[in-house]
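Understanding the architecture of this molecule
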Amino acid sequence: MDLVIRNACLRGKDGLWDIAVENKKFAAILPKILGNGKKEIDAQGNLMLPPFGDPHLHLDAVLCSGEPRYNMSGGLLEGIQIWGERKKYHNKEMIRHNALEVIKWEVAHGVLHIRGHLDATDPHLLGLETLLEIKDQVKDIVNLQLSAFPQDGIFTNPNGAAQLEKCLKMGADCVGGAPHLEMTYLDGVRDIQFVFDLAEKYDRIVDIHVDETADGNSRFIEYMCKEAVSRGMEGLVSASHITAMDQYNNDYAFKIIGNLKRADINVITNPTSNSACENRLEGYPKHRALARVNDLLERGVNVTIANDSVMNPWHILGQSNLLHTANLLAHYGHMNGFTQIKKMIDMITYNSAKTFLIQDDYGIDVGKNADFIVLDAKNEIDAVRLCSECLYVVKEGKIIVETIPAKRSLHFREDVELVDMKIKPYPSKVKF
Ligand code: FE2
């Protein structure tokens, strides 16, 4: 055995388990594995999960907040203006440096699959060009999928259509659109049709920024559903954001949710930037601006969570931690019920795997790829509550991250004790 993990807590299984890895695959999962592995991990009763996937991360725009100026309003439109100023002078070395740094942050937080969204309206396409170079360099620590995203629109931008097609010729894995950013409703519809045309022509998957606004009249998602069904692309399409859904009336929202299910479209919600950037113009009472995550999940739509922006013109904060983002969704999305919090873990693991189209080799099962993480938490609730560290991140049976969590010593009266925010069992004399 190349690696044995001892005393792991596995979701859906009682007790603690030993897991053996051979030839980069899970070879056995048993209550007790006899014999030693060449390498051993003692999980100490902590939760072992398949790796996280982050399907929406603007890797060409990370770590550049304040360049050339900070977003003072905190809003989406000011962020787009600042990004327009920034991309006039950014270069490949700046993009490479920042993207590599954030990729490492993501991996250290248990992410082994990233869909990088790269600006297809940059006249020099520096983001895509740089990330295509990085993709091979980082393949031992992360699976990078690259999506071409027309930040300034396809038809609003004079050269937008040609630029987007060029991205696919260069090797982008995924094609995106931004229908709500086009000048007219009709151009928004054309935007979606053009993206699907390119996807068919170049045999790529689709991930469109759609209805990323607090304007309830933005209803381009209905065209995405139709195009996915009529072209037989069910399961190959993702819809990012759909924040306008918060403003849809129930009759319309549930029609859309039904069609998303029928089209098997993956919904990607970005609670960090959506909670911060959207709906800045509305007075009080103020709506949320978020896809209806709970309604979508309850009706069988695949929903996953993404980090989107990490210290960029749209979002000065961000730490590339999907558990932190899930924690925010539990609050902002009114999903703080016991079962709902557990669903956060589904969204950043198996739901994400479906979005990345990697289900066949994904999961902690015998015969699957030995990719996994061990959290500093005994259960799903604590993982989300504490935004847990990853004690181990393992890719193809090889440990690529080891973390020693911080230790806090409290000096109290004559004693010194460790404080780790974890529940300690009551002494046995306490009765309920
Ligand atoms: Fe985005």
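Quick note: structure is the one above.
Residue numbers run consecutively from 1 along every chain, following the written order of its sequence. Under the rules for a predicted model, residues below a pLDDT of 70 receive no local features and side-chain atom pairs below 80 are neither given nor counted, while totals for whole chains, interfaces and linings still include all residues. Heavy atoms from the whole structure form the basis of all side-chain values; hydrogens and water molecules are not counted.

Okay, the pattern of salt bridges next. Any Lys or Arg side-chain nitrogen found within 4 Å of a carboxyl oxygen on Asp or Glu counts as a salt bridge. Under the definition given, this model contains 28 salt bridges. Two residues, Arg 96 and Glu 93, come together in a salt bridge whose shortest N-O distance is 3.9 Å. Taken together, the residues Arg 96 and Glu 93, both in helix H2 (residues 92–108) and three residues apart, mark about one turn of the helix. Here's how the labels work: a residue is buried when its accessible area is under 20% of the maximum for its type, exposed when over 50%, partly exposed in between, all with a 1.4 Å probe on protein chains only. Overall, the relative accessible area of 18% leaves Arg 96 in the buried class. When the shortest N-O distance is used, the salt bridge between Asp 376 and Lys 422 registers 2.5 Å. One end of the pair, Asp 376, is in the loop between strand S14 (372–375) and helix H13 (380–386); the other, Lys 422, is in the segment after strand S18 (415–418), with 46 residues separating them in the sequence. Judged by relative accessible area, which is 15%, Asp 376 ranks as buried. When its relative accessible area of 26% is taken as the criterion, Lys 422 is described as partly exposed. Linked through salt bridges whose partners overlap, the residues forming this network are Lys 92, Glu 93, Arg 96, Glu 129 and Glu 133. Helix numbers and strand numbers start at the N terminus; a helix is a DSSP run of H or I with at least 4 residues, a strand a run of E with at least 2.

Before going further, it helps to spend a moment on a nonpolar patch on the surface. A contiguous nonpolar patch, built from Tyr 70, Met 72, Ile 316 and Leu 317 and spanning about 470 Å² of accessible area, is present on the exposed surface. Relative to the elements of secondary structure, Met 72 occurs in the loop between strand S6 (52–57) and helix H1 (76–86). Only residues above 30% relative accessible area that lack a salt bridge enter a patch, with like-charged residues linked at up to 9 Å and the nonpolar side chains Val, Leu, Ile, Met, Phe, Trp and Tyr linked at up to 5 Å. Per-residue and other accessible areas follow the Shrake-Rupley method at a 1.4 Å probe size, with only the shown protein chains counted as cover for residues.

For the rest of this paragraph, the subject is H1. Along H1, the residues that are buried comprise Leu 76, Glu 78, Gly 79, Ile 80, Ile 82, Trp 83 and Arg 86. By definition in these notes, contact holds between two residues if any of their heavy atoms fall within 4.5 Å. The secondary structure elements touched by the buried residues of H1 are H2, strand S7 (111–119) and helix H8 (271–277).

This part covers the side chain of Asn 98. Within the secondary structure, Asn 98 sits in helix H2. Accessibility expressed as a relative area gives 12% for Asn 98, which makes it buried. Polar side-chain contacts of Asn 98 include one of 3.4 Å to the backbone oxygen of Val 62. For Asn 98, the residues in contact, after removing those within four places along its chain, are Val 62, Leu 63 and Arg 86. Pairing of N or O atoms within 3.5 Å defines a polar contact, subject to two protein rules: one partner must be a possible hydrogen donor and the other a possible acceptor, and residues neighboring in sequence count only if both atoms are side-chain atoms.

Before going further, it helps to spend a moment on the coordination of the iron ion. We call an atom a donor if it is N, O or S and sits within 2.8 Å of the metal, or 3.2 Å for Na, K and Ca. Water is not counted, so some sites may look partial. Within the protein, His 56 (NE2), His 58 (NE2) and His 209 (NE2) serve as the donor atoms for the iron ion, at 2.0 to 2.2 Å. Expressed as a motif, the donor residue spacing for the iron ion is H-x1-H-x150-H. A relative accessible area of 0% places His 56 in the buried class.

Attention shifts here to the sheet that holds strand S10 (residues 205–210). DSSP-based pairing: two strands are paired if at least 2 bridges between them are found. Taken together, the eight strands give an open sheet; going across it, the order is S6-S7-S8-S9-S10-S11-S12-S13, and neighbouring strands pair in parallel fashion. Each edge of the open sheet carries a strand with a single partner, namely S6 and strand S13 (303–305). Where S6 lies against S7, four bridges are found, and the strand directions are parallel. By the bridge assignment for S7, Phe 52 is matched with Val 111.

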